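Residues per chain, in single letters:
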Amino acid sequence: MAMKTRSQNVTETVRDWILTGAVAGGDRLEEIPLAERLGVSRTPVRAALAALSKDGLIDYQPKRGYLVRSFEPIEIFAAYQARASLEGLACKLAAERGVPEEFRAKLRSCLAEGDEILGRGRLLADDFKPYQLMNVTFHNAILALSGNPWIARLVAETHSIPFVSDRVILWHDHRVIARSHDDHHRIAESLIAGQAARAEDLMREHVYFAGLFLKENFHRVSPGEIPNGELPSTNRGAL
């Protein structure tokens, strides 16, 4: 059981590196360096590489070993397009069902936290993780409120390629992030007011713009070195 847990932890760590771009397409992943970096034996690393290969995130090539799969910007944007429709539908269903007070409180808490972070007038590296967590909480609350588990499951599928997971894009432009958070305000207001069509349209545009922004700024995304179990957060953010 302990070895299974260790293998799962290694798998999720390396998966996170790939999905957030901490390792780039074409990079080689080798058992011994990874095991040393993570402080584990080769056995859980071997299991992790096999699992990630099955998921399509890395490819095994004879005499070269495992290489991180490369994804083109158009493939990543296509995932955002699918997410836009799915999360738009989630908003529509949530508004039609009504928003209980506990969900209203959660949405308002997210809005207040985002307001506080952006109220500083500039994006700080230390604010990345809190903002990202707030953003994921906001979106996941709406997925849950939709009452349709298939939507959340299908959205999770779009998170299985780099830069779509956890809505990670560039964290460098205060104006763009502020615009995104203004969307959050409008989406929450329409949900609480029961404006299903408006909520759907706002969420579709919100997610679509995130994908478009990434597509147009993809050249600014540069992979970082594989760190010791941590991810660089100085130039990445969330929408």
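Residues numbered from 1 in each chain as written. Predicted model: local features only at pLDDT ≥ 70, side-chain atom pairs only at ≥ 80, totals over all residues. Heavy atoms only, no water.

Undergrad: Can you walk me through the overall build of the chain in this structure?
TA: Helix and strand content of the chain: nine helices and five strands. Walking the chain from its N terminus toward its C terminus, one meets helices and strands in the order α-β-α-α-β-β-α-α-α-α-β-α-α-β. The buried share among the 239 residues of the chain stands at 46%. The contacts in the chain between residues at least 6 apart in sequence include a share of 79% that link residues at least 24 apart. By element, 50% of the accessible surface of the chain is carried by carbon and sulfur atoms, the whole surface being about 11800 Å². (Helix = DSSP H or I, 4+ residues; strand = E, 2+ residues; numbered from the N terminus. Buried < 20%, exposed > 50% of the residue type's maximum accessible area, 1.4 Å probe, protein only. Contact = heavy atoms within 4.5 Å. Areas by Shrake-Rupley, 256 points an atom, 1.4 Å probe, with all protein chains shown as cover.)

Undergrad: Sorry, what's going on with the sheet that holds strand 1 (residues 28-29) here?
TA: In sheet architecture, strand pairing relies on hydrogen bonds along the backbone and comes in two forms, parallel and antiparallel. Reading across from one edge, 1-3-2 is the order of the three strands in this open sheet, with antiparallel pairing throughout. Strands with a single pairing partner mark the edges of an open sheet, and in this sheet they are strand 1 and strand 2 (58-61). Alignment of strand 2 against strand 3 (residues 65-68), held across four bridges, turns out to be antiparallel. Bridge pairing in strand 3 links Q61 to G65. (Pairing = 2+ DSSP bridges.)

Undergrad: I would appreciate a short explanation of the pattern of salt bridges in the present structure.
TA: Pairing between side chains becomes possible if they bear opposite charge and their charged atoms approach one another. This structure, assessed with the given rule, holds 14 salt bridges. Residue R15 pairs with E12 through a salt bridge whose shortest N-O separation is 3.4 Å. You can see R15 and its partner E12 sitting in helix 1 (residues 2-19), three residues apart, about one turn around the helix. Judged by relative accessible area, which is 18%, R15 ranks as buried. (Salt bridge = Lys/Arg side-chain N within 4 Å of Asp/Glu carboxyl O.)

Undergrad: Just to check I follow, could you spell out the packing of aromatic side chains for this structure?
TA: Two numbers describe a pair of aromatic rings. These are the distance of the centres and the angle of the planes. Under the counting rule described, the total for this entry stands at three aromatic pairs. Look at F77 and Y208: their rings are 5.4 Å apart centre to centre, the planes differ by 65°, and that puts the pair in the edge-to-face class. Here Y208 lies in helix 9 (residues 196-216) and F77 lies in helix 4 (residues 73-97), a separation of 131 residues in the sequence. Residue F77 is classed as buried on the basis of its relative accessible area of 8%. Judged by its relative accessible area of 34%, Y208 falls in the partly exposed class. Each ring, one from F209 and one from F213, has its centre 6.2 Å from the other, and the planes form 25°; the classification is stacked. Of this pair, F209 and F213 both sit in helix 9, four residues apart, roughly one helical turn. Sitting over the face of the ring of F103, K106 holds its NZ or CZ atom 5.8 Å from the ring centroid. (Phe/Tyr/Trp six-rings, centres within 6.5 Å; stacked < 30°, edge-to-face > 60°. Lys NZ or Arg CZ within 6 Å of the ring centre and 35° of its normal.)

Undergrad: For this particular structure, what's the right way to read helix 4?
TA: Since there are 3.6 residues in each turn of an α-helix, residues three or four apart along the chain are aligned in direction. In this model helix 4 runs 36 Å from its N-terminal to its C-terminal C-alpha over 25 residues, within 8% of the 36 Å that 1.5 Å per residue would give. Following helix 4 by one or two positions, G98 adopts a phi angle in the positive range, close to 100°. (Expected span 1.5 Å × (residues − 1).)

Undergrad: When you look at the nonpolar core in this model, what are you seeing that I'm missing?
TA: Grouped burial of nonpolar side chains is what soluble globular proteins tend to show. With 62 residues, the main nonpolar core has I18, I142 and L191 as its most contacted residues. Those residues in contact with L191 that lie beyond four places of it in its chain are C91, A94, A95, V99, L107, I142 and A199. (Core = buried A, V, L, I, M, F, W, Y, C linked by side-chain atoms within 4.5 Å.)

Undergrad: I'm lost on the packing of helix 8 (residues 174-192) against helix 9 in this one. Help?
TA: In helix packing, the relevant descriptors are the interaxial angle and the interaxial distance, both defined with respect to the helix axes. Axis separation between helix 8 and helix 9 bottoms out at 8 Å; the angle between their running directions is 160°. Relative to helix 9, helix 8 is oriented roughly antiparallel. Seen from above, helix 8 lies across helix 9 with left-handed handedness. When helix 8 is examined against helix 9, the residues V176, R179, S180, D183, H184, R186, I187, S190 and L191 are found in contact with a partner set consisting of R198, A199, L202, M203, E205, H206, F209 and F213. Its residues placed into classes, the contact of helix 8 with helix 9 shows eight nonpolar, four polar and five charged. (Axes fitted to C-alpha atoms, helices over the stretch in contact; angles between N-to-C directions. Parallel < 35°, antiparallel > 145°, perpendicular 65-115°, else oblique. Left-handed = near helix turned anticlockwise from the far one by under 90°. Nonpolar A, V, L, I, M, F, W, Y, C, P; charged D, E, K, R; others polar.)

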